[in-house]
Amino acid sequence: PPNSYIKKYGFCRHAEIAIRASHMIVSLVEDYPNYMIINLDKLDYCASLKNLETISNKQNYKFIQGDICDSHFVKLLFETEKIDIVLHFAAQTHVDLSFVRAFEFTYVNVYGTHVLVSAAHEARVEKFIYVSTDEVYGGSLDKEFDESSPKQPTNPYASSKAAAECFVQSYWEQYKFPVVITRSSNVYGPHQYPEKVIPKFISLLQHNRKCCIHGSGLQTRNFLYATDVVEAFLTVLKKGKPGEIYNIGTNFEMSVLQLAKELIQLIKETNSESEMENWVDYVDDRPTNDMRYPMKSEKIHGLGWRPKVPWKEGIKKTIEWYRENFHNWKNAEKALEPFPVQPPFV
């Protein structure tokens, strides 16, 4: 019966950020049977419930399809479900797509967040965690960003996340509503829709197609394995202080070109530079493409979290997963194009 659960956790998912949400949901459902986990998901083009099949029949898990931009629905959800804690992962996140569908990103990421935090505040939830991104800082070649660094986003996706942060933070400033904001590096691992660089390159190579490199490929990114990010969110849930921001980063950094070459080595089993070049296709760059997102994470280290999964271990597990699960999404092939192929936003 519902009253037997100690806490009710509400997960809000919308797009590919669901890689983090799906791993977090599985972890909580399996490890905390006294917690009721409610998963709200719009089931957009990049969603797949197959990634949650292992827990779909658990008594402490409930799936609800819905849109965070529907204010009447969201208000009713809080009234009926009596949610204690909200983890807000829901967002449109594909940077390339944000350049051609900026209004949709603003609508979902900013307006949707405002709807959700307003309803959560009205329902007096105990904690509201907003999952943001390192991209709100903008790019940097040398300076490392900490949580007090100014937000200087350079693309519509990052701008929408930065604006949404402002709405969330305002509820702490005005009402002392217990919000916490996290900003993480790039996440990789099973369950990620293959429009993102690591699953895209893996899937292209597994389908005997070339890795498509935007521009020079010299841009570097920091990569965190999905289970490490789950541990970070659990740490913030338990120890994160209301009104605070926490960077969730890693020192592991790799250029997009080097990433392609490593994956070619692992999947095509070649060490020859000339052979590797045969599996690379250089395409036009994004309108803006930040070179680096270096972040300091000492603040969350002080709570006891650090990444544990080595790159070689994480990438091996990821390659194996996509070999068996690429078709978890009906439209996965579309994600392998160099630039997004999606219908216009209505």
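Residues numbered from 1 in each chain as written. Predicted model: local features only at pLDDT ≥ 70, side-chain atom pairs only at ≥ 80, totals over all residues. Heavy atoms only, no water.

### Brief notes about the pairing of strand β2 (residues 35-41)
The line we're drawing: Relative accessible area decides the class of each residue, using a 1.4 Å probe on protein chains only: under 20% of the type maximum gives buried, over 50% gives exposed, and in between gives partly exposed. Helix and strand assignments follow DSSP, with helices taken as H or I runs no shorter than four residues and strands as E runs no shorter than two, numbered in order from the N terminus. Following DSSP output, two strands are said to pair if at least two bridges run between them.
Counted residue by residue, β2 has seven buried out of seven residues, so it is predominantly covered. By the alternation rule, side chains of β2 split into Y35, I37, N39 and D41 and M36, I38 and L40, which are all buried. Pairing of β2 with strand β3 (residues 61-65) involves five bridges; the strand directions are parallel. Looking at β3, one finds that I38 is bridged to K62.

### Some words on the pattern of salt bridges
Stated precisely, the cut-off is as follows: Counted as salt bridges are all cases of a side-chain nitrogen of Lys or Arg within 4 Å of a carboxyl oxygen of Asp or Glu.
This model, assessed by the stated rule, comprises 12 salt bridges. In this structure, R292 engages E253 in a salt bridge whose closest nitrogen and oxygen atoms are separated by 2.7 Å. With R292 in the loop between β12 (280-283) and α10 (298-301) and E253 in strand β11 (residues 253-255), this pair connects stretches of sequence that are 39 residues apart.

### A word on the packing of aromatic side chains
As a reminder of what qualifies: What counts as a ring pair is set by centres within 6.5 Å for rings of Phe, Tyr and Trp (its six-membered ring), and what kind of pair is set by the plane angle: stacked under 30 degrees, edge-to-face over 60, tilted for all other angles. Placement of a charge over a ring requires the Lys NZ or Arg CZ to be within 6 Å of the ring centre, with the centre-to-atom vector within 35 degrees of the ring normal.
By the definition in use, this model includes 16 aromatic pairs. An angle of 85° between the planes, with centres 5.2 Å apart, marks the rings of F89 and F233 as edge-to-face. Of this pair, F89 sits in the loop between β4 (85-88) and α3 (95-100) while F233 sits in helix α7 (residues 226-239), and the two are 144 residues apart along the sequence. Judged by relative accessible area, F233 falls into the buried class, the value being 1%. In this structure an aromatic cluster arises from ring pairing among Y45, Y193, W321, Y322 and W329. Here K268 stacks its cationic end above the ring of W279, 4.5 Å away from the centre of that ring.

### A closer look at a nonpolar patch on the surface
Formally: A residue counts toward a patch only above 30% relative accessible area and without a salt bridge, and it is joined to like-charged neighbours within 9 Å or, for Val, Leu, Ile, Met, Phe, Trp and Tyr, to nonpolar neighbours within 5 Å. Residue burial considers only the protein chains on display, and all accessible areas are found by Shrake-Rupley using a 1.4 Å probe.
On the surface, a nonpolar cluster with roughly 310 Å² of combined accessible area is contributed by L141, L218 and M291. In this structure, M291 sits in the loop between β12 and α10.

### A few points about the environment of N222
As a reminder, the rule being used: Should any heavy atoms of two residues lie within 4.5 Å, those residues are considered in contact. Polar contact criterion, stated in full: a pair of N or O atoms within 3.5 Å, where within protein one must be able to donate a hydrogen and the other to accept it, and residues adjacent in sequence count only if both atoms are side-chain atoms.
Turning to its location among the elements, N222 is positioned in strand β9 (residues 220-225). Classification of N222 by relative accessible area gives buried; the value is 6%. Those residues in contact with N222, other than ones at most four positions away along the chain, are S185, N186, T250, N251, F252, E253 and Y293. Reaching out from N222, the side chain makes a polar contact with the backbone oxygen of T250 at a distance of 2.8 Å. There is a polar contact of 3.5 Å between the side chain of N222 and the backbone oxygen of F252.

### Digging into the packing of helix α8 (residues 256-268) against helix α11 (residues 311-325)
Note the threshold: Lines fitted to C-alpha atoms define the axes, with helix axes restricted to the stretch in contact, and inter-axis angles between N-to-C directions lie between 0 and 180 degrees. Crossing handedness follows the turn of the near helix against the far one: under a right angle anticlockwise gives a left-handed crossing, and clockwise gives a right-handed one. Each residue is assigned to one of three groups, with Ala, Val, Leu, Ile, Met, Phe, Trp, Tyr, Cys and Pro labelled nonpolar, Asp, Glu, Lys and Arg labelled charged, and all others, Gly among them, labelled polar.
The interhelical angle for the contact between α8 and α11, taken along N-to-C directions, is 65°, at an axis separation of 12 Å. Every pair of crossing elements has a handedness; the one defined by α8 and α11 is right-handed. In this structure, α8 uses L259, E262, L263, L266 and I267 to contact α11, whose residues at the interface are W311, I315 and I319. Tallied by class, the residues present in the contact of α8 with α11 amount to seven nonpolar, no polar and one charged.

### With respect to the domain arrangement of the protein chain
A common way to report how large an interface is uses the accessible area buried once the components associate. Inclusion rule: For the purposes of this description, domain bounds are those given by an automatic or database domain assignment. Note on definitions: buried area is the accessible-area loss of two parts on being combined, 1.4 Å probe, summed for both.
As far as domains go, the protein chain holds domain 1 (8-188 + 225-248) and domain 2 (197-220 + 253-293 + 310-336). Counting from both sides, the interface comprises 20 residues of domain 1 and, opposite them, 20 residues of domain 2. Across the domain 1 to domain 2 interface the summed buried area is about 1700 Å²; carbon plus sulfur atoms make up 50%. The residue R286 makes a salt bridge to D96 at a minimum N-O spacing of 2.5 Å. Our count for the contact surface shared by domain 1 and domain 2 stands at 10 residue pairs in polar contact (both at pLDDT 80 or more). Sorting elements by how many residues they give to the side of domain 1 that touches domain 2 places α3 first, with three residues. Partitioned by chemical class, the residues of the side of domain 1 that touches domain 2 number eight nonpolar, seven polar and five charged.

### Topic: the nonpolar core
What counts here: As used in this record, nonpolar core signifies buried Ala, Val, Leu, Ile, Met, Phe, Trp, Tyr and Cys residues forming a set joined through side-chain atoms within 4.5 Å.
Core analysis: the largest hydrophobic core is formed by 39 residues, its most contacted members being I198, F201, I202, L259, L263, W311 and I315. For this core, the element with the highest residue contribution is α8, accounting for seven residues. Here this core gathers at least three residues from each of two domains, domain 1 (8-188 + 225-248) and domain 2 (197-220 + 253-293 + 310-336). Setting aside residues no more than four positions away along its own chain, I202 makes contact with L263, I267, I315, T318, I319 and Y322. Judged by nonpolar contacts, the second largest core, of 35 residues, contains M24, L52, Y246 and W305.

### Observations regarding the sheet that holds β11
The strands that make up a sheet pair up through hydrogen bonds in the backbone, lying either parallel or antiparallel. Spatially, β7-β9-β11 is the arrangement adopted by the three strands of the open sheet, whose pairing is mixed. Unpaired on one side and paired on the other, β7 (186-188) and β11 mark the two borders of the sheet. Taking the axes of each pair of neighbouring strands and ignoring which way they run, one obtains an average angle of 50° across the sheet. Where β9 meets β11, three bridges bridge the pair, whose relative direction is antiparallel. Directly across from N222, in β11, lies its bridge partner E253. Most of the contacts of α7 go to β9, to which it runs at about 75°, and overall it touches β7 and β9.

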